[in-house]
Each structure stands twice: as structure tokens, then as C-alpha cells.
Amino acid sequence: MQGTFTGKHSTVKIDGGPHVVPIWFLSDDGESRTRARDIAFTTYDTSVKAENIQRDSRVSLCVDDQSRNIPS
């Protein structure tokens, strides 16, 4: 896993519901496939996802599978 990836990032809204948005992110270049990796993405501090994370740190990330070639 190297380079920029796409996925869906989910945070918890103030009413408890999910807030899901598409994102681009980077993965660290960890040495082992078995250890957890850090991810990095940027957002404005006033965005809904940033405000949600500041209020409730529970998040989820669904990574798009970019290894498959889908015929057009």
C-alpha cells in the first residue's frame, strides 16, 4: 500500500447518526503487513467531519479496493 488512496470516512453526528464522506488519504510506509498503519488526510477545522471528530473521536474508514481492474 503506497501512494494516495480513496475511501469513505465516517464520523458520528451530534444526533448519533453517521456522517459519511469520500476522502483521499495516504498510508504510512510501514515495514510489516501485520502491524496497524497510520493514515493521514487533511480537512478544514470547521468542516462537519472535523467538528464531529473533535466532539466524538469514533471514526470509521472503508478503503476502496484499487487492485481490481474493472473492464469498461
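Residues numbered from 1 in each chain as written. Predicted model: local features only at pLDDT ≥ 70, side-chain atom pairs only at ≥ 80, totals over all residues. Heavy atoms only, no water.

Draft legend 1. View of the pattern of salt bridges. A full pass over the atoms with the stated rule returns two salt bridges. Among the salt bridges present, the one from Asp64 reaches Lys8, with a minimum N-O distance of 3.0 Å. Placement of Asp64 in the segment after strand S4 (59-63) and of Lys8 in strand S1 (residues 4-12) is noted, with a sequence separation of 56 residues between them. Residue Asp64 is classed as partly exposed on the basis of its relative accessible area of 25%. (Salt bridge = Lys/Arg side-chain N within 4 Å of Asp/Glu carboxyl O. Helix = DSSP H or I, 4+ residues; strand = E, 2+ residues; numbered from the N terminus. Buried < 20%, exposed > 50% of the residue type's maximum accessible area, 1.4 Å probe, protein only.)

Draft legend 2. Focus on the sheet that holds S4. Here four strands make up an open sheet; going across it, the order is S3-S2-S1-S4 and the pairing antiparallel. Of all the strands in the sheet, the pair left with one neighbour each is strand S3 (39-40) and S4. Of the strand pairs in this sheet, S1 and strand S2 (residues 18-27) are connected by nine bridges, and their pairing is antiparallel. Note on S2: the bridge partner recorded for Ser10 is Val20. Set on the sheet, helix H1 (residues 48-55) makes contact with S1, S2 and S4; between it and S1 the angle comes to about 55°. (Pairing = 2+ DSSP bridges. Contact = heavy atoms within 4.5 Å. Axes fitted to C-alpha atoms, helices over the stretch in contact; angles between N-to-C directions.)

Draft legend 3. Inspection of the packing of aromatic side chains at higher detail. By the definition in use, this model includes one aromatic pair. Here Phe5 and Phe25 contribute two aromatic rings whose centre-to-centre distance is 5.7 Å and whose plane-to-plane angle is 35°, an arrangement assigned as tilted. Residue Phe5 is found in strand S1, and its partner Phe25 is found in strand S2; the two are separated by 20 residues along the sequence. (Phe/Tyr/Trp six-rings, centres within 6.5 Å; stacked < 30°, edge-to-face > 60°.)

Draft legend 4. Structural detail: the confidence of the model for the protein chain. Across the protein chain, the average pLDDT comes to 82, with 76% of residues at 70 or higher. Averaged pLDDT values for the elements of the protein chain fall to 74 in S3 and rise to 95 in H1. (pLDDT = per-residue confidence, 0-100.)

Draft legend 5. Structural detail: the environment of Val48. Looking at the secondary structure, you find Val48 in helix H1. Here the alpha-carbon distance between Val48 and Lys13, two residues 35 residues apart in the chain, equals 8.3 Å.

Draft legend 6. H1, seen in detail. Those residues of H1 lying buried are Lys49, Ala50 and Asn52. Buried residues along H1 cover an arc of 160° about the axis, so they all sit on one side. Here the buried face of H1 lies against S1 and S2. (Arc of directions from axis to C-beta.)

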